[in-house]
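Architecture at a glance
Here's the letter readout for the chains.
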Amino acid sequence: MATSSLRRLSSQINRIPSLSPFTKAILTRSSATASAKVSDRIVKLSAIDPDGQKREIVGLSGHTLLKALTNNGLIDPASHRLEEIEACSAECEVSIAQEWLEKLPPRSYDEEYVLKRNSRARVLNKHSRLGCQVVLTKDLQGMVVAVPEPKPWDIP
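Since the model is a prediction, treat every value here as computed from it, not as a measurement. (Residues numbered from 1 in each chain as written. Predicted model: local features only at pLDDT ≥ 70, side-chain atom pairs only at ≥ 80, totals over all residues. Heavy atoms only, no water.)

For the rest of this paragraph, the subject is the pattern of salt bridges. Here the structure, examined in full by the defined rule, presents one salt bridge. Its salt-bridge partner being Glu111, residue Arg129 comes within 2.9 Å of it at the nearest N-O pair. Residue Arg129 is found in strand 4 (residues 128-130), and its partner Glu111 is found in helix 5 (residues 109-117); the two are separated by 18 residues along the sequence. Overall, Arg129 belongs to the buried group, its relative accessible area being 4%. Overall, Glu111 belongs to the buried group, its relative accessible area being 0%. (Salt bridge = Lys/Arg side-chain N within 4 Å of Asp/Glu carboxyl O. Helix = DSSP H or I, 4+ residues; strand = E, 2+ residues; numbered from the N terminus. Buried < 20%, exposed > 50% of the residue type's maximum accessible area, 1.4 Å probe, protein only.)

Summarising the sheet, strand 3 (residues 93-96) and strand 4 pair through three bridges and their orientation is antiparallel. Residue pairing across strands places Ser95 opposite Ser128, the latter belonging to strand 4. The pairing of strand 3 with strand 5 (residues 144-146) spans two bridges and is antiparallel. Bridging across to strand 5, Ser95 finds its partner in Ala146. (Pairing = 2+ DSSP bridges.)

With that settled, the discussion passes to the nonpolar core. Leu65, Leu69, Ile96, Leu136 and Met143 are the most contacted members of the largest nonpolar core, which has 28 residues in total. Counting only elements with at least two residues in this core, the list comes to strand 1 (42-48), helix 3 (65-71), strand 3, helix 4 (98-101) and helix 5. Top contributing element to this core by residue count: helix 3, with four residues. (Core = buried A, V, L, I, M, F, W, Y, C linked by side-chain atoms within 4.5 Å.)

A regular strand carries its side chains on alternate faces of the sheet. Where strand 1 lies against strand 2 (residues 54-60), seven bridges are found, and the strand directions are antiparallel. Residue pairing across strands places Lys44 opposite Val58, the latter belonging to strand 2. Between strand 1 and strand 2, which follow one another and run antiparallel, lie five residues, and Gly52 among them has a positive phi close to 90°. Two elements, strand 1 and strand 5, share three bridges in a ladder whose sense is parallel. In the sheet register, Ala47 faces strand 5, and the bridge partner there is Val145.

What follows covers the environment of Arg129. The sequence separation of Arg129 and Glu112 amounts to 17 residues, and the corresponding C-alpha distance is 8.4 Å. Those residues in contact with Arg129, other than ones at most four positions away along the chain, are Cys92, Glu93, Val94, Ile96, Leu104, Pro105, Pro106, Arg107, Glu111, Leu115 and Val134. (Contact = heavy atoms within 4.5 Å.)

From the geometry alone we can't say anything about function, so treat these as descriptive.
Right, here's the structure in full:
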């Protein structure tokens, strides 16, 4: 009973357009951690590493894509210290496969600003997202993500 109430609350939080993805992640994490089983929160993803190898990775719903990539060794945790958009400098930029783009909420103004600011060409790739702004949900099970090679200034 309590678990279904928490799931309803979590889905209602995700539908509020005025909340930033980071705020939604915190609120969703708070309700998701009350779930009885961690196995109910597992989200399996496919990640293409900088060498072109496909790897299966695991994350938890309510956590960010950045956390899943960091926990699986695809992004160096020292290169991205905070999950707040105000502190982001696009070290966690990833490319999302076309078929998964419509399952994600649109980029916030702040996310677009950070991506454009750090793009060499100043042209925004429609597949680019910040891993710190993508909150994992069960709907993203099987999502394919490409992790680009780190830029020289991103390496700690």
